[in-house]
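Tertiary structure, described
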Amino acid sequence: QVQLVESGGGLLQAGGSLRVSCAASGRTFSSYSMGWFRQAPGKEREFVACISWSGGRTYYGDSVKGRFTISRDNAKNTVLLQMNSLKPEDTAVYFCAASPNLVPRVPSDFSSWGQGTQVTVSS
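Just so it is clear, the structure is predicted and the values come from calculations on it, not from any experiment.

Every second residue of strand E7 (residues 68-73) is oriented toward a common face, the buried set being Phe68, Ile70 and Arg72 and the non-buried set Thr69, Ser71 and Asp73. Examined bridge by bridge, E7 and strand E8 (residues 78-83) share 6 bridges and lie antiparallel to one another. Among the inter-strand pairings, Phe68 is bridged to a residue of E8, identified as Met83. What sits between E7 and E8 in their antiparallel hairpin is a turn of 4 residues, with Asn77 showing a positive phi close to 55°.

Shown next, in the form of C-alpha cells:
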C-alpha cells in the first residue's frame, strides 16, 4: 500500500482557483491509479476525478467536468487536482486515494486514503 498526504486546501472566493496536492510514499506509486473524492458535511463521499497508472486516462465527476483537472507526476510521487471556477458547492474535505484498478470510480475500488484537506469557497 501507499501512504497519502494531501495539502493545499484553503479558503477562497467563488470564481477563484486552487490546486490541491497529494504526496505518496512507497516505491509502487506508479502502479496505482489515483483518485480524488470530496465530502461535505452531512453528505456522502463524492467522486471527483481519477487518473490511471500512466496518466493516460482521466475521468471526472459530472459536477466538476470542465472545471477541474487531475494530473500526476510518477517521478515525484504526486498527484494534483487543479480546481478552477470554484463554486460554494465545491466546499468539502478533499481526499486523495490510491487504487490497484485501472479506472476506479467508487470508494470501494480504493485501498489507501489520505486524511483530507479542507477547501472552503465563499460566495
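On we go from here.
The next thing to look at is the nonpolar core. In this structure, Met34, Trp36, Leu81, Met83 and Tyr94 are the most contacted members of the largest nonpolar core, which totals 28 residues. Those elements that place two or more of their residues in this core are strand E3 (18-25), strand E4 (33-39), strand E5 (46-51), E7, E8, strand E9 (92-99) and strand E11 (117-122). Listed in part, the 5 residues of the second largest apolar core include Phe37, Phe47, Ala97 and Phe110.

Summed over the entire model, instances satisfying the criterion amount to 1 disulfide. Shown here is the disulfide that connects Cys22 with Cys96, its sulfur atoms set 2.1 Å apart. Between Cys22 and Cys96 the sulfur-sulfur dihedral comes to about -80°; the bridge is accordingly left-handed. Here Cys22, found in strand E3, pairs with Cys96, found in strand E9; they are 74 residues apart in sequence, far enough to count as distant. Comparing Cys22 with Cys96 shows no difference in burial state: the two are buried.

Parameters at a glance
- Residues numbered from 1 in each chain as written.
- Predicted model: local features only at pLDDT ≥ 70, side-chain atom pairs only at ≥ 80, totals over all residues.
- Heavy atoms only, no water.
- Buried < 20%, exposed > 50% of the residue type's maximum accessible area, 1.4 Å probe, protein only.
- Helix = DSSP H or I, 4+ residues; strand = E, 2+ residues; numbered from the N terminus.
- Pairing = 2+ DSSP bridges.
- Core = buried A, V, L, I, M, F, W, Y, C linked by side-chain atoms within 4.5 Å.
- Disulfide = S-S within 2.5 Å.

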